Amino acid sequence: MSQLIEHHSHKAARILDSARELVADHGVRKVTVSEIAGAAGVGKGTVYLYWPTKEDLILGLFARELLAFLDEVIARITADPTAVLPRHLAPLLIRTGLRSPLARRLTAKDAELLRLLIEQAGDRDLFDRTQPSAMCEAVMPILRRHGLIRQDRPLADQSYAMHAMLTGFGTAMSHPDSAPPSAGDPGDVLADTVALLLEPAVASAGQAVTAAADDTVAVFRQTRDAVLDIIDRSQTLQQ
């Protein structure tokens, strides 16, 4: 059986849709269960049939956004192993993340609240594992091991550089008015920057790329399993 309660309840699906729109418009802290229920066309008590608290609902909502992010990244790398090349992977992560309206709306206070909710749900490092720095620490050794990044610089420095590029370009691409105009697509600029800084002069063989893709997908799948567990614990499954 699917762990996603909205697959079994139209009311739960409406509640999630309404919560997503309200949080995207007003932020986490300002939205109430009564507002969510009203927008979904259900009674306030109905919300509590599926999620014991507002915090559980918000946690489940953001976990679903993260699940969608991971599913898309996994699907893209599985369909095309060359997506794991640093020049492709960095823009893929940012562009996929920016398609989430909640991720773009997430303020520093909201992010801290989300971290606390995840910790309360019993997985203290899940939030950290989904941050650019953690992805670098997990994925960069894989790329290095398979020859997809240069061997002439310390891995720690390369991971730091990738983190800086992801966070910097992510901020600039999510708030384009705050950055100088680019002559080309910002994602392409990021790809060129990553390639020049991190990739070796001689491209790796196809077999190495495929192996790196498999190992990287395995890392993302581990995080996906943890996200599904958070979703399962945040909701009350109705038979």
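Remember, predicted model here, so these are calculated numbers, not experimental data. Positions within a chain are numbered from 1, following the residues in the order the chain's sequence is written. Confidence filtering applies because this is a predicted model: local features only for residues at pLDDT of at least 70, side-chain atom pairs given and counted only at 80 or more, and all residues used for totals across whole chains, interfaces and linings. Remark: hydrogens and water are excluded; side-chain values derive from all non-hydrogen atoms of the structure.

## Side note on the overall build of the protein chain
Then step 1. In terms of helices and strands, the protein chain carries 12 helices and zero strands.
Then step 2. By the criteria applied, helices consist of DSSP H or I runs no shorter than four residues and strands consist of E runs no shorter than two, each listed in order from the N terminus. Along the protein chain, helices (α) and strands (β) appear in the sequence α-α-α-α-α-α-α-α-α-α-α-α when read from the amino end.
Then step 3. Put simply, the protein chain has 239 residues, and 46% of those count as buried.
Then step 4. Each accessible area is a Shrake-Rupley estimate made with a 1.4 Å probe; only the visible protein chains count as cover when residues are assessed. Approximately 12,100 Å² of the protein chain is accessible, and the part contributed by carbon and sulfur atoms is 55%. Type-normalised accessible area, obtained with a 1.4 Å probe on protein chains alone, sets the label of each residue: buried when under 20%, exposed when over 50%, and partly exposed for intermediate values.

## Brief notes about the packing of helix H4 (residues 54-79) against helix H5 (residues 86-98)
Then step 1. Here H4 crosses H5 at 145°, and the two axes come no closer than 10 Å. For the element pair H4 and H5, the recorded crossing hand is right-handed. In this structure, H4 uses Phe69, Glu72, Val73, Arg76 and Ile77 to contact H5, whose residues at the interface are Leu89, Leu92, Leu93, Thr96 and Gly97.
Then step 2. In this classification, Asp, Glu, Lys and Arg are treated as charged, Ala, Val, Leu, Ile, Met, Phe, Trp, Tyr, Cys and Pro as nonpolar, and every other residue, Gly included, as polar. A per-class count over the contact of H4 with H5 returns six nonpolar, two polar and two charged. Throughout, an axis means a line fitted to C-alpha atoms (over the contacting stretch in the case of helices), and angles, computed between N-to-C directions, take values from 0 to 180 degrees. By convention, the crossing between two helices is left-handed when the near helix turns anticlockwise from the far helix through less than a right angle, and right-handed when the turn is clockwise. The criterion used for residue contact is that any of the two residues' heavy atoms lie within 4.5 Å.

## Let's talk about the pattern of salt bridges
Then step 1. By convention in these notes, a salt bridge is any Lys or Arg side-chain nitrogen within 4 Å of a carboxyl oxygen on Asp or Glu. Counted according to the given criterion, the structure contains 12 salt bridges.
Then step 2. With its nearest N and O atoms 2.4 Å apart, the salt bridge here joins Arg224 to Asp71. Here Arg224, found in helix H12 (residues 206-234), pairs with Asp71, found in helix H4; they are 153 residues apart in sequence, far enough to count as distant.
Then step 3. Here Arg224 falls in the partly exposed class, since its relative accessible area comes to 23%.
Then step 4. Assessed through its relative accessible area of 30%, Asp71 is described here as partly exposed.
Then step 5. One salt-bridge network, in which partners are shared between bridges, spans Asp17, Arg20 and Glu65.

## Things to note about the environment of Met135
Then step 1. Structurally, Met135 can be placed in helix H9 (residues 132-145).
Then step 2. Placed 85 residues apart in sequence, Met135 and Phe220 show a C-alpha to C-alpha distance of 8.9 Å.

## Here's the deal with the confidence of the model for the protein chain
Interpretation of this model should avoid reading the predicted coordinates in detail wherever pLDDT is low.
Then step 1. Across the chain, each position has a pLDDT score giving the predictor's confidence in that residue, from 0 to 100. The pLDDT averaged across the protein chain works out to 87; a share of 85% of its residues lies at or above 70.
Then step 2. Element-level mean pLDDT values for the protein chain span from 63 in helix H7 (residues 108-120) up to 96 in helix H2 (residues 33-40).

## Some remarks on helix H11 (residues 186-198)
For an α-helix, the turn length of 3.6 residues means that residues three or four places apart are oriented alike.
Then step 1. Taking 1.5 Å per residue as the helical rise, H11 with its 13 residues ought to reach 18 Å, and the 18 Å between its terminal C-alpha atoms agrees with that figure.
Then step 2. Of all the residues in H11, the buried ones are Gly187, Leu190, Ala191, Val194, Ala195 and Leu198. Viewed end-on, H11 has its buried residues packed into an arc of 130°, placing them on one side of the element. In this structure, H11 carries Asp192 and Leu196 as exposed residues pointing more than 90 degrees from its buried face.
Then step 3. Polar contacts here mean pairs of N or O atoms no more than 3.5 Å apart (in protein, one a potential hydrogen donor and the other a potential acceptor; neighbouring residues in sequence count only if both atoms are side-chain atoms). Structurally, the start of H11 carries an N-cap: the backbone nitrogen of Gly187 is 2.7 Å from a side-chain oxygen of Asp185. Helices are assigned an expected span. That span is 1.5 Å times one less than the residue count. What the arc measures is the spread of directions leading from the helix axis to the C-beta atoms.

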